4 protein chains.
Amino acid sequence: MASFINRRQMTIEWGQCDPAGIVFNSRFFEMFDTSTWMLFEKALGVKPHELSKTFGIIGIPLVDARANFLKPAKFGDVIEIASRVSEFHRSSFEIEHHVSINGELAVEGEETRVWAARDKTNPDKIGGVAIPSEVIGRFE
Amino acid sequence: MASFINRRQMTIEWGQCDPAGIVFNSRFFEMFDTSTWMLFEKALGVKPHELSKTFGIIGIPLVDARANFLKPAKFGDVIEIASRVSEFHRSSFEIEHHVSINGELAVEGEETRVWAARDKTNPDKIGGVAIPSEVIGRFE
Amino acid sequence: MASFINRRQMTIEWGQCDPAGIVFNSRFFEMFDTSTWMLFEKALGVKPHELSKTFGIIGIPLVDARANFLKPAKFGDVIEIASRVSEFHRSSFEIEHHVSINGELAVEGEETRVWAARDKTNPDKIGGVAIPSEVIGRFE
Amino acid sequence: MASFINRRQMTIEWGQCDPAGIVFNSRFFEMFDTSTWMLFEKALGVKPHELSKTFGIIGIPLVDARANFLKPAKFGDVIEIASRVSEFHRSSFEIEHHVSINGELAVEGEETRVWAARDKTNPDKIGGVAIPSEVIGRFE
């Protein structure tokens, strides 16, 4: 399992909360997306908007997202999101996001993403390509 | 499996799309939430904001959400979301959302929600309670 | 003043509301954006994603947005948004959005947008160009 | 003019951008809302979720919001938002938000908010009440 972890802290905003006074579910998926970009920036030393160019890919599109909501996060709560690649496959990978409040796990998120590039013979076709071993190495 | 299905059509908006020109993942979870409210309104004949009062619950909080992205939805695409309860448990239930574009499945979503009420002896405690059989019956 | 009006009805969603139980302000600006796209589609008979190509522009970027909140909109409220171009200038125009609930004005919005194209001699430069009179005519 | 300024820096996220690759307009109004909460927290030394209780108000509802978009903000851009109360009236006040990128002004925002409380004789009625002078003093 990749051991490189990105941690960030955020204070829950009014506009992220719903009439029950807690973070609306879709907002966590926004946070996960940003946490993944930050994880890659930290691990690879490449700015998010330069990731495609640097590695000759079109990006790291999301194919699957999941979240398990254990405890609500309220307006003003300070949360920590700890993110890491939990598994690398040949051309895809799994990211794990743990949201905690005061050290207690509040939300568990998971994303599956693809290391995607245009087909060399048919540029209209996009698909997963092998993740370079030097990329994988940066997460260890 | 509950056979009552709610279908709705939407046209993808500019503000729902990201720099890749496709719907940003969190937007689908917003759509699923609204589709679930609409499904319950249609099946039970109760307005969303009257659901709690009518059934003596605090709501139907989300405990788990998942989406599998098969095909991207682009600005201007007309999508159909078909939603139904795929399974009722004692105090929780699963909802399935199928997003299709021109009849082709684009996104599969799933939510797990709880039929939640305040504890009668300790109102600060919230937990799942048995889903009334007449509620379940309305989805058949 | 342009007399062509686009009207649409929406039911306020849970995820659009904040802990005060009312629509969070930014959501109205999302609605205005979509209402403007719909207004142009109806008036010009051109799909939003084909607007640029059809008229040789890069789009109708927003340069100014304003909203005046008179009455709150709550979860489940049915709102109507009536939108029209209130004024055409040489290369820019004003759009007026009136949000009403049960016939009562709730929010007044205004947008200023530019009919923008790439400079013919320097394609990196984007700026306003004269709005064709046949475009203006379609809003009367 | 109140001289207390709150400054914060943010990196533009993928999910905040639209198909033109720039921040979608409504996202700035989300940022302004959060910046106002932070400005009040810093000036008054009161956590946002304790503001109502501390001052016997229901909150500081927004009655008017405006933004002037001068330069686009792109994915990955580091922005600074500088916010201050530009004017206090008897029961309302104006907040000014300046968004800059590399020291250049990109967006000018303004909000008008009300210092709002429930009517003492009719709690269903909400309206503006005089802003305490000690509150105003904290912004100088």
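The structure under discussion appears in the preceding block.
Residues numbered from 1 in each chain as written. Chains lettered and ligands numbered in written order. Predicted model: local features only at pLDDT ≥ 70, side-chain atom pairs only at ≥ 80, totals over all residues. Heavy atoms only, no water.

## Quick word on the packing of aromatic side chains
Consideration 1: Enumeration over the complete set of coordinates arrives at 42 aromatic pairs over all chains.
Consideration 2: Here A:Phe29 and B:Phe29 contribute two aromatic rings whose centre-to-centre distance is 3.6 Å and whose plane-to-plane angle is 0°, an arrangement assigned as stacked. With one member in each of two chains, A:Phe29 in helix H1 (residues 25–44) and B:Phe29 in helix H1 (residues 25–44) form a pair that bridges those chains. No difference in accessibility class separates A:Phe29 from B:Phe29, as the two residues are buried.
Consideration 3: What links up through ring pairs into an aromatic cluster is the set A:Phe29, A:Phe32, B:Phe29 and B:Phe32. (Phe/Tyr/Trp six-rings, centres within 6.5 Å; stacked < 30°, edge-to-face > 60°. Helix = DSSP H or I, 4+ residues; strand = E, 2+ residues; numbered from the N terminus. Buried < 20%, exposed > 50% of the residue type's maximum accessible area, 1.4 Å probe, protein only.)

## Quick notes on the sheet that holds strand S4 (residues 92–101) of chain A
Consideration 1: On the basis of which strands lie adjacent, the open sheet formed by ten strands has the order S1(A)-S3(A)-S4(A)-S5(A)-S2(A)-S2(B)-S5(B)-S4(B)-S3(B)-S1(B) and antiparallel pairing. Each having just a single partner strand, strand S1 (6–11) of chain A together with strand S1 (6–11) of chain B make up the two edges of the open sheet. Each neighbouring strand pair of the sheet contributes to a mean axis angle of 20°, computed without reference to strand direction.
Consideration 2: Taken together, the six bridges between S1(A) and strand S3 (residues 78–88) of chain A define a ladder with antiparallel strand orientation. Following the sheet pairing, A:Arg8 is matched in S3(A) by A:Ile81.
Consideration 3: Packing against the sheet, H1(A) makes contact with S1, strand S2 (62–69), S3, S4 and strand S5 (104–114) of chain A together with strand S2 (62–69) of chain B, and its axis sits at approximately 140° to S1(A). (Pairing = 2+ DSSP bridges. Axes fitted to C-alpha atoms, helices over the stretch in contact; angles between N-to-C directions. Contact = heavy atoms within 4.5 Å.)

## Overview of the interface of chain A and chain B
Consideration 1: The interface of chain A with chain B comprises 14 residues on the first partner and 14 residues on the second.
Consideration 2: Summed over both sides, the interface of chain A with chain B buries roughly 1,300 Å², with 55% coming from carbon and sulfur.
Consideration 3: Our count for the contact surface shared by chain A and chain B stands at zero salt bridges.
Consideration 4: For the pair chain A and chain B, the number of links is eight residue pairs in polar contact (both at pLDDT 80 or more).
Consideration 5: If you list the elements that add at least two residues to the side of chain A that touches chain B, you get H1 and S2 of chain A.
Consideration 6: If one sorts the elements of the side of chain A that touches chain B by residue count, S2(A) sits on top with eight residues. (Buried area = accessible area lost by both parts, 1.4 Å probe. Salt bridge = Lys/Arg side-chain N within 4 Å of Asp/Glu carboxyl O. Polar contact = N/O pair within 3.5 Å; in protein donor to acceptor, adjacent residues only side chain to side chain.)

## Concerning the relation of the copies chain A and chain B
Consideration 1: Its rotation angle being 180°, the transformation that places chain A on chain B also includes 0.0 Å of axial translation and leaves an RMSD of 0.0 Å. Here the symmetry operator amounts to a two-fold rotation axis. Proximity to the rotation axis, assessed at the C-alpha, singles out A:Arg66 in chain A; its C-alpha lies 2.1 Å from the axis.
Consideration 2: Most of the interface of chain A is mirrored in chain B, where 100% of its interface residues are also at the interface. (Least-squares fit on C-alpha atoms with pLDDT ≥ 70 in both.)

## Examining the interface of chain A and chain D
Consideration 1: Taken together, the contact pairs eleven residues of chain A with eleven residues of chain D.
Consideration 2: Buried surface at the junction of chain A and chain D, both sides included, amounts to about 1,000 Å², of which 57% is carbon and sulfur.
Consideration 3: For the pair chain A and chain D, the interface holds two salt bridges.
Consideration 4: Here chain A is connected to chain D by four residue pairs in polar contact (both at pLDDT 80 or more).

## A look at the state of the cysteines
Consideration 1: Scanning the entire structure with this criterion turns up zero disulfides over all chains.
Consideration 2: Note on B:Cys17: no disulfide assigned, nearest cysteine sulfur contributed by D:Cys17 at a separation of 13 Å.
Consideration 3: The exposure class assigned to D:Cys17 is buried, which follows from its relative accessible area of 2%. (Disulfide = S-S within 2.5 Å.)

## Considering the relation of the copies chain A and chain D
Consideration 1: Laying chain A over chain D is done by rotating through 180° and shifting 0.0 Å along the axis; what remains is an RMSD of 0.0 Å.
Consideration 2: Both copies share a contact surface, since 100% of the interface residues of chain A are interface residues in chain D too.

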